[in-house]
Amino acid sequence: MRKDADTGLIKEFLKEIPIFKSLSDRHLNRLSEDFIVCRMNKGETIFHQSDESTDLYIMLDGAVRASLVNEDGEELVLAAFNKGDFFGEMSLLDGEPRSATMIAAENAALGILRRETFLRAVKDDPGIAIDLLSAIVRRMRMADGMIESLAFLDVGQRVLKLLVQIARTEGIKDKDGFFRIKRLTHKELAARTGASREAVSKAMKVLSFRDGVKEEGDCFLVSPRAEEIL
Ligand code: CMP
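Residues numbered from 1 in each chain as written. Predicted model: local features only at pLDDT ≥ 70, side-chain atom pairs only at ≥ 80, totals over all residues. Heavy atoms only, no water.

**Digging into the overall build of the protein chain**
Counting its secondary structure elements, the protein chain contains 8 helices and 13 strands. Over its C-alpha atoms, taken along the principal directions, the protein chain stretches across nearly 60 × 40 × 30 Å. Within the span of the protein chain, comprising 230 residues, buried residues form 38% of the whole. Restricting to contacts in the protein chain with at least 6 residues of sequence separation, those with at least 24 account for 69%. By element, 52% of the accessible surface of the protein chain is carried by carbon and sulfur atoms, the whole surface being about 13200 Å². (Helix = DSSP H or I, 4+ residues; strand = E, 2+ residues; numbered from the N terminus. Buried < 20%, exposed > 50% of the residue type's maximum accessible area, 1.4 Å probe, protein only. Contact = heavy atoms within 4.5 Å. Areas by Shrake-Rupley, 256 points an atom, 1.4 Å probe, with all protein chains shown as cover.)

**A few points about the site of the ligand**
The immediate surroundings of the ligand are formed by 15 residues, with Gly 88, Glu 89, Ser 91, Arg 98 and Ser 99 found nearest. Met 90 is positioned with one of its backbone polar atoms (N or O) 3.4 Å from an oxygen atom of the ligand. The contact in question runs from an oxygen atom of the ligand to an N or O atom on the backbone of Ser 91, over 2.9 Å. Considered on its own, the ligand offers 460 Å² of accessible surface; in the complex 91% of this is hidden by protein. Broken down by secondary-structure element, the contributors of at least two residues to the shell around the ligand are strand S6 (75-82) and helix H3 (89-94). Its residues assigned to classes, the shell around the ligand comprises 9 nonpolar, 3 polar and 3 charged. (Near = heavy atom within 4 Å. Polar contact = N/O pair within 3.5 Å; in protein donor to acceptor, adjacent residues only side chain to side chain. Nonpolar A, V, L, I, M, F, W, Y, C, P; charged D, E, K, R; others polar.)

**Re helix H5 (residues 127-152)**
An ideal rise of 1.5 Å per residue puts 38 Å on 26 residues; H5 measures up with 38 Å between its terminal C-alpha atoms. All buried positions along H5 are accounted for by Ile 128, Leu 132, Ala 135 and Ser 149. Buried-residue contacts for H5 involve strand S7 (86-87), H3, helix H4 (115-124) and helix H6 (155-170). (Expected span 1.5 Å × (residues − 1).)

**Remarks on the environment of Val 222**
Within the fold, Val 222 resides in strand S13 (residues 219-222). Taking the C-alpha atoms as reference points, Val 222 and Arg 168, 54 residues apart in sequence, are found 9.8 Å from one another. For Val 222, the residues in contact, after removing those within four places along its chain, are Leu 163, Val 164, Ala 167, Phe 178, Phe 179, Ile 181 and Gly 212.

**Observations regarding the domain arrangement of the protein chain**
Each assigned domain of the protein chain is listed here: domain 1 (2-150) and domain 2 (154-228). Using C-alpha coordinates to define each centre, domain 1 is positioned 29 Å away from domain 2. Of the roughly 550 Å² buried between domain 1 and domain 2 on both sides combined, carbon and sulfur atoms contribute 52%. Taken as a group, Val 77, Ser 149 and Leu 150 account for 60% of the area that domain 1 buries against domain 2, more than any other trio of residues on that side. Where domain 1 packs against domain 2, one counts 2 residue pairs in polar contact (both at pLDDT 80 or more). Elements with a contribution of two residues or more to the side of domain 1 that touches domain 2: S6 and H5. Of the residues assigned to the side of domain 1 that touches domain 2, the class counts are 3 nonpolar, 2 polar and 2 charged. (Domains from an automatic or database assignment. Buried area = accessible area lost by both parts, 1.4 Å probe.)

**Notes on the environment of Val 200**
Along the chain, Val 200 turns up in helix H8 (residues 197-209). Distance in space between the C-alpha atoms of Val 200 and Val 159 is 7.4 Å, their sequence separation being 41 residues. When neighbours within four sequence positions are excluded, Val 200 is seen to be in contact with Val 155, Val 159, His 186, Leu 189, Ala 190, Thr 193 and Ala 195.

**A few points about the sheet that holds S13**
Spatial strand order, S10-S11-S13-S12: 4 strands in an open sheet with antiparallel pairing. At either margin of the open sheet sits one strand with a lone partner, and together these are strand S10 (172-173) and strand S12 (213-216). Here S12 pairs with S13 via 4 bridges, running antiparallel. Following the sheet pairing, Glu 216 is matched in S13 by Cys 219. (Pairing = 2+ DSSP bridges.)

**Remarks on the nonpolar core**
Phe 20, Phe 35, Ile 58, Leu 113, Phe 118 and Ile 128 are the most contacted members of the largest nonpolar core, which totals 23 residues. Contributing elements (two or more residues each) for this core: helix H1 (7-15), helix H2 (25-33), strand S4 (56-61), strand S9 (108-113), H4 and H5. Setting aside residues up to four positions removed in sequence, Ile 128 forms contacts with Ile 19, Phe 20, Leu 23, Phe 118, Ala 121 and Val 122. Formed by 22 residues, the second largest nonpolar core is a distinct cluster that contains Leu 184, Ala 195, Val 200 and Ala 203. (Core = buried A, V, L, I, M, F, W, Y, C linked by side-chain atoms within 4.5 Å.)

Take a look at the structure:
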């Protein structure tokens, strides 16, 4: 982890972060002074579930995931965070240990704010609290969606739902109407669908046999009719 503290640069970063969009210049200056920037390499752990800390993290660049990891090292990905997102709000707000382990999914630049600094910013601009609440509600809705999938869908349906979601947001349509997306390993698919790697491998065979998903080099091709398959 490398740290630097260029206040002017940090202020420019902060202006781009949705949660601080309405802070005045004076308040942004105050926030920048207490802001620590750290850089993480892909695969590094930022903090572990159960750690005792209350800092808030703002994503300046890169990608991070929140995961639950069991004693055997199996991982369930709860959420993904990208530029402009924040995490760590749960321990910041209730003082309890961290609810999940945060891992850099790509090289990432993060801003760290101490709890007192963040609460002062909220006093300076109560609009931040409203943005924070909406983000927490959005996360609850996504968590409900994940619980629903785990309770009511089998592994094949969960894998397909995930691939269709990725295809909709990041997919590039080819001439046959298939959506080309970055290939995920079966281990990654397992972590994102709450399944074992073996169960994902079986599901992928069925999906491929039914022409729902094709594996091609470092891509998956997701059929435009994928949802009709299972
Ligand atoms: P905290 O508990 O402080 O540290 C782990 C962080 O992961 C947590 O705050 C949230 O920012 C994030 N997190 C935990 N669970 C979820 C979830 N279900 N959806 C989105 N983010 C989560």
